[in-house]
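Below, each chain spelled out in residue letters.
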Amino acid sequence: MRSLKISIQQQDFSIEDECTAMRAEHKNIGALATFTGLVREMDEELDDASSGQQNISSLFLEHYPGMTEKNLHEIAEEADQRWSLLDVVIIHRIGELKVSEQIVFVGVSSMHREAAFAACAFIMDFLKTKAAFWKKSNNNDSTGHWVEAKKSDAEATEKWAETKEKR
Amino acid sequence: MRSLKISIQQQDFSIEDECTAMRAEHKNIGALATFTGLVREMDEELDDASSGQQNISSLFLEHYPGMTEKNLHEIAEEADQRWSLLDVVIIHRIGELKVSEQIVFVGVSSMHREAAFAACAFIMDFLKTKAAFWKKSNNNDSTGHWVEAKKSDAEATEKWAETKEKR
Amino acid sequence: MATIHYFASVREKLGLSSEQLELPSKVDTVSALVDMLIEQHDKQDGNWEGVLKTSSVLVAVNQSIAKFSSPIKDTDDIAFFPPVTGG
Amino acid sequence: MATIHYFASVREKLGLSSEQLELPSKVDTVSALVDMLIEQHDKQDGNWEGVLKTSSVLVAVNQSIAKFSSPIKDTDDIAFFPPVTGG
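Residues numbered from 1 in each chain as written. Chains lettered and ligands numbered in written order. Predicted model: local features only at pLDDT ≥ 70, side-chain atom pairs only at ≥ 80, totals over all residues. Heavy atoms only, no water.

- If you check an unreviewed UniProt entry, chain C appears there as Molybdopterin synthase sulfur carrier subunit from SAR86 cluster bacterium.
- Under the UniProt heading Pathway (unreviewed entry), the entry covering chain C gives this text: "Cofactor biosynthesis; molybdopterin biosynthesis."
- UniProt annotates chain C under Sequence similarities (unreviewed entry) with the comment "Belongs to the MoaD family." (UniProt positions renumbered as here; feature names shortened; annotations may be inferred.)

## Describing the overall build of chain A
For step 1, the next point in the chain: Secondary structure summary: chain A contains five helices and eight strands in total.
For step 2, the next point in the chain: Helices (α) and strands (β) of chain A occur, in sequence order from the N terminus, as β-α-β-α-β-α-β-β-β-α-β-β-α.
For step 3, the next point in the chain: Counting only C-alpha atoms, chain A reaches 50 × 35 × 30 Å along its principal axes.
For step 4, the next point in the chain: Residue burial in chain A is summarised as follows: out of 167 residues, 54% are buried.
For step 5, the next point in the chain: For chain A, the proportion of contacts with a sequence separation of at least 24, taken over those separated by at least 6, is 77%.
For step 6, the next point in the chain: Here chain A has roughly 7,100 Å² of accessible surface; of this, 48% comes from carbon and sulfur atoms.
For step 7, the next point in the chain: Charged side chains in chain A number 20 positive and 29 negative. The centres of these two groups are separated by 5 Å. (Helix = DSSP H or I, 4+ residues; strand = E, 2+ residues; numbered from the N terminus. Buried < 20%, exposed > 50% of the residue type's maximum accessible area, 1.4 Å probe, protein only. Contact = heavy atoms within 4.5 Å. Areas by Shrake-Rupley, 256 points an atom, 1.4 Å probe, with all protein chains shown as cover. Lys, Arg positive; Asp, Glu negative; His and termini not counted. Charge placed at Lys NZ, Arg CZ, Asp CG, Glu CD.)

## A closer look at the relation of the copies chain B and chain A
For step 1, the next point in the chain: When chain B is fitted to chain A, the residual RMSD is 0.0 Å, and the transformation amounts to a turn of 180° plus an axial shift of 0.0 Å. In symmetry terms, the pair is related by a two-fold rotation axis.
For step 2, the next point in the chain: Looking at the interface residues of chain B, 100% of them are also at the interface in chain A, so both copies use one shared face. (Least-squares fit on C-alpha atoms with pLDDT ≥ 70 in both.)

## Structural notes on the interface of chain C and chain A
For step 1, the next point in the chain: Each partner contributes to the interface: chain C provides 20 residues, whereas chain A provides 26 residues.
For step 2, the next point in the chain: Buried surface at the junction of chain C and chain A, summed over both partners, amounts to about 1,800 Å²; 57% is from carbon and sulfur atoms.
For step 3, the next point in the chain: Seen at the junction of chain C and chain A, the total is two salt bridges.
For step 4, the next point in the chain: Across the salt bridge formed by Glu-12 of chain C and Lys-136 of chain A, the nearest N and O atoms sit 2.4 Å from each other.
For step 5, the next point in the chain: Linking chain C to chain A there are 12 residue pairs in polar contact (both at pLDDT 80 or more).
For step 6, the next point in the chain: Looking at the side of chain C that touches chain A, the elements with two or more residues in it are helix H1 (8–14), strand E4 (64–66) and strand E5 (77–81) of chain C.
For step 7, the next point in the chain: For the side of chain C that touches chain A, the residue count by class is nine nonpolar, eight polar and three charged. (Buried area = accessible area lost by both parts, 1.4 Å probe. Salt bridge = Lys/Arg side-chain N within 4 Å of Asp/Glu carboxyl O. Polar contact = N/O pair within 3.5 Å; in protein donor to acceptor, adjacent residues only side chain to side chain. Nonpolar A, V, L, I, M, F, W, Y, C, P; charged D, E, K, R; others polar.)

## Some points on the confidence of the model for chain C
For step 1, the next point in the chain: On average, residues of chain C score 95 in pLDDT, and 100% of them are at 70 or above.
For step 2, the next point in the chain: Taken together, the chains of this predicted complex give a pTM of 0.93 and an interface ipTM of 0.92. (pLDDT = per-residue confidence, 0-100.)

## Observations concerning the sheet that holds strand E1 (residues 3–9) of chain B
For step 1, the next point in the chain: If you trace the eight strands from one edge of the open sheet to the other, you get E1(A)-E4(A)-E6(A)-E2(A)-E2(B)-E6(B)-E4(B)-E1(B), paired in mixed fashion. Either end of the sheet is taken by a strand with one partner, and the two such strands are strand E1 (3–9) of chain A together with E1 of chain B. Adjacent strand axes in the sheet meet at a mean angle of 5°, parallel and antiparallel pairs treated alike.
For step 2, the next point in the chain: Relative to strand E6 (residues 102–110) of chain A, strand E4 (residues 87–93) of chain A is paired through five bridges, and the arrangement is antiparallel. When the bridges of E6 of chain A are listed, Ile-90 of chain A appears paired with Val-106 of chain A.
For step 3, the next point in the chain: Sitting on the sheet, helix H1 (residues 15–23) of chain B is in contact with strand E2 (31–38) and E6 of chain A together with E1, strand E2 (31–38), strand E4 (87–93) and strand E6 (102–110) of chain B, with an inclination near 20° to E6 of chain B.
For step 4, the next point in the chain: Against the sheet, helix H3 (residues 67–82) of chain B makes contact with E1 and E4 of chain B, and its axis sits at roughly 150° relative to E1 of chain B, the strand it touches most. (Pairing = 2+ DSSP bridges. Axes fitted to C-alpha atoms, helices over the stretch in contact; angles between N-to-C directions.)

Structure below.
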């Protein structure tokens, strides 16, 4: 990994700025994969539990200062051991976020697309299950509830254990 | 698929503009995966064949007007049949492109990250092996050669045949 | 002094985000700390046992995930929280 | 009239990007067209057989990938090119 940027911040980020910074000065980037997670209007957990759809109005993101950064560093290092990466950027917002706001950005550059895609997906899966963030969703009627960890996220993370050799 | 944009163009594109357009007005996007392919300085084909590294100065991209667009539509439709997608954007530049310029952009939005990641990777794999584009690389000593199709791209495409059920 | 943090639903249910405590020498594991916390706090409002003894509650010692059987010292940073849900 | 396109290395080697031809009725498959093209052009510069009969050359009929055994009509759009290398 040539560079690693980890930022936990309240303010919004710009996908273009991050991509531009990752491309600057470097002539061997062949592939740049990004993932942006956004606040969805529909609350899938309430959706599962009840027949009607429940809309959320905002999310509240909490983290454990110090531990979260450490978790993200470890996740990026693990990705770098599996694939040949150039630059990795992980940005996660905290605080109150409204519907359709950006929550998380993961950008990975590499010489080849397989590495960029795989590392980006890997980092997201591990961020979801291993990094100290917690999400509370607030509904339009001003009730809120803490989002529960999803089984599908845990399963996605476990799948990576099967493919550990460096590629 | 709520919207599909396919553009084959000489001019550059802005990742941010594309992402902003995909996010506009829609409140159910939970995930936005993008891939950007760029011109690398190092020519991996010549790199394989010879012990020394050969640098390229530019790429020339040619396509088959009409057929290329048709190929890309079919690829996007196939992705949409496999995953629940919201917006898909495919931009591919043609003509002369210098080192570190952007060549291709694929953006996929969905409610969930698995669909966005998988569809973005799927579209890139199929674009590489099924869309009527051809690439010539020009070296610093002004010799040029047509890039040969890579076995690894064909293999990446074949892998998707194993996982055809909609997710 | 050890610092104890509570996050997310654990913090909300306990009504406390962190506290600093002198750990007696016999409180040398996370489990022993949990028992001490329950004993201290449940004198007043009686909610801590239900919260901290839930099977889903996780613990970190010095910002690394730990077990309830993990050893602790009086200078440690210890945190209790539910499963993470970022991204 | 059929339109025949040549792309990338095929175009460069043949020195031609497209041509329009009247197809005789017996030229009803891609293979027959290839033979006709070789016969017509190799009178002059003798390179076409080597280029069009390379195993890696692909053909599209009306912008869909076809086989050399595929049928063609006098109104078709036919293209010859090497394996694609976009992205």
